[in-house]
Amino acid sequence: MGCYEFHDDRFRDRIHRNAFLETIADGMLWAEGPVYFGDGNYLIWSDIPNNRMMRWLPGTGVELFRADSNYANGNTRDRQGRLVSCEHGTRRVTRTEYDGTITVLADNYRGRKLNSPNDVVVKSDGSVWFTDPPYGILSDYEGNRAESELDGCYVFRADPDTAQVDIVTDDMVKPNGLAFSPDESILYIADSGVSHDPDGPHHIRAFDVGDGQKVDNGRVFAEINPGLPDGFRLDTDGYLWTSARDGVHCYAPDGTLVGKILTPERVSNLTFGGPKKNRLFMTATTSVYSIYTNSRGAQSP
Ligand code: MG
């Protein structure tokens, strides 16, 4: 209770005023990349500096999902429900098959290693879209310190069938979270460039998806204050819920900040889950929080 901040009347329809913030996990060093599995009713996330992935099951609690996760960061599921992960340590994007084996979806661009894939989404055509800032190679804390082999930080599209990796846009400083609008006509991409440059961007941009291969017409959708946008998701009505320093900020499709969910720790990323996709799960520094909303997540599955 008392965890909401209202900026616009439209926020009242998005949330339940009597829903409260729950802490479902703690003891992380930096929790990231939550992804919900409806078939098993569990949540998976990354604990990057601890080089592990965790799992939470209602009524059971938290358990280790994967040790030695290659400093995995962002996670999602593909259209067949398989886990897709960004790995800092190995500088690649992988898919976990049903039998547990790992398939590499992308680990280079024209023969040069990726920086450190950060966050990933899968489009309805099966293509895998991911961001590639250098956070995982800047130090040994969230990966392995190394030099970049690329001349920038790109957003890529990988085709799992052909192993082709193409640049979607080169027009970002440090691309971070990303997600499609419910109809996939818009791709939203966070730029967290302020993390290493006080004058750098801390905004989410919107791009037209066009032919589904590249994006164009980039414009600033929202400036995030305080803090920066790391990860975000959209609900079925096109409202965008993003991480920020003081919690989660909810933006209307027109870019208006309608309200906030305030959290004790800085949120890194979030996802909708639960059988009705109305439960918001937030990875936040050392903890994972959840809260029931009056909105439903747009991502599928
Ligand atoms: Mg991120």
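Residues numbered from 1 in each chain as written. Predicted model: local features only at pLDDT ≥ 70, side-chain atom pairs only at ≥ 80, totals over all residues. Heavy atoms only, no water.

Peer 1: Describe the packing of aromatic side chains, and please don't skip the residues or the numbers.
Peer 2: Overall, the coordinates contain 14 aromatic pairs when judged by the stated rule. Judged by centre distance (6.0 Å) and plane angle (10°), the rings of Tyr36 and Phe281 are stacked. A residue pair is termed long-range when its members are at least 10 positions apart, and Tyr36 in strand E3 (residues 31–37) and Phe281 in strand E26 (residues 279–284) qualify at 245 residues. You'll find Tyr36 and Phe281 in the same group, each marked buried. Summarising the aromatic geometry, the rings of Phe37 and Tyr42 are spaced 5.2 Å apart at their centres and angled 10° between planes, so their arrangement reads as stacked. The same class applies to Phe37 and to Tyr42, which are both buried. Note that Arg14 overlies the ring of Tyr239, its terminal NZ or CZ placed 4.0 Å from the centroid. (Phe/Tyr/Trp six-rings, centres within 6.5 Å; stacked < 30°, edge-to-face > 60°. Helix = DSSP H or I, 4+ residues; strand = E, 2+ residues; numbered from the N terminus. Buried < 20%, exposed > 50% of the residue type's maximum accessible area, 1.4 Å probe, protein only. Lys NZ or Arg CZ within 6 Å of the ring centre and 35° of its normal.)

Peer 1: Summarise the nonpolar core; cite the residues concerned and give the values.
Peer 2: Formed by 20 residues in total, the largest nonpolar core has its most connected members in Trp241, Ile261 and Leu280. When residues of this core are traced back to their parent elements, those giving at least two are strand E23 (247–251), strand E24 (257–262), strand E25 (269–273), E26 and strand E27 (287–292). Here the element with the most residues in this core is E26; it accounts for 3 residues. Discounting residues that sit within four places of it in the chain, Leu280 has contacts with Trp241, Val248, Ile261, Leu270, Thr271, Phe272, Tyr289, Ser290, Ile291 and Thr293. Counting 17 residues, the second-largest nonpolar core is a separate cluster that includes Ala106, Val120, Phe130 and Phe156. (Core = buried A, V, L, I, M, F, W, Y, C linked by side-chain atoms within 4.5 Å. Contact = heavy atoms within 4.5 Å.)

Peer 1: Which residues make up the pairing of strand E18 (residues 186–191), and what are the values?
Peer 2: Summarising burial for E18: 6 of the 6 residues are buried, a large majority. Burial along E18 is two-sided: the residues Ile186, Tyr188 and Ala190 and Leu187, Ile189 and Asp191 are all buried. Relative to E18, strand E17 (residues 175–180) runs antiparallel, the two being bridged by 4 bridges. Pairing of Phe180 across the sheet is with Leu187, part of E18. (Pairing = 2+ DSSP bridges.)

Peer 1: Could you give an account of the sheet that holds strand E9 (residues 92–96), with specific residues and numbers?
Peer 2: Read from one edge of the open sheet, 4 strands run E7-E8-E9-E10, paired in antiparallel fashion. Taken across any chain shown, the strands that pair with only one partner, and hence form the sheet edges, are strand E7 (72–77) and strand E10 (102–106). Along the sheet, successive strands turn relative to each other by an average axial angle of 30°, direction set aside. In terms of strand pairing, E7 meets strand E8 (residues 83–87) through 4 bridges, oriented antiparallel. In the strand pairing of E8, Ala72 is matched with Glu87. (Axes fitted to C-alpha atoms, helices over the stretch in contact; angles between N-to-C directions.)

Peer 1: Requested: an account of the coordination of the magnesium ion, with residues and values cited.
Peer 2: In this structure, Asn118 (OD1), Asn176 (OD1) and Asp230 (OD) serve as the protein donors to the magnesium ion, at separations of 2.1 to 2.2 Å. Linear spacing of the donor residues for the magnesium ion on their chain is N-x57-N-x53-D. Pair noted here: Asn118 is in the loop between strand E12 (112–113) and strand E13 (120–122) and Asn176 is in strand E17, with a separation of 58 residues, a long-range link. (Donors = N, O, S within 2.8 Å, 3.2 Å for Na, K, Ca; no water.)

Peer 1: Any details on the state of the cysteines? Residues and values, ideally.
Peer 2: Working definition: the covalent bond between the sulfur atoms of two cysteines is a disulfide. In the structure shown here, the tally under the stated rule is 0 disulfides. Cysteine Cys86 remains unbridged, with the sulfur of Cys153 as its closest cysteine sulfur at 14 Å. (Disulfide = S-S within 2.5 Å.)

Peer 1: An account of the pattern of salt bridges is requested, with residue identities and associated values reported.
Peer 2: Evaluated as defined, the whole model comprises 20 salt bridges. Of the charged contacts in the structure, one is a salt bridge between Arg279 and Glu22, with a shortest N-O distance of 3.1 Å. One end of the pair, Arg279, is in strand E26; the other, Glu22, is in strand E2 (residues 22–25), and 257 residues separate them in sequence. Put simply, Asp78, Arg82, Arg95 and Glu97 are held in one network by salt bridges that share partners. (Salt bridge = Lys/Arg side-chain N within 4 Å of Asp/Glu carboxyl O.)

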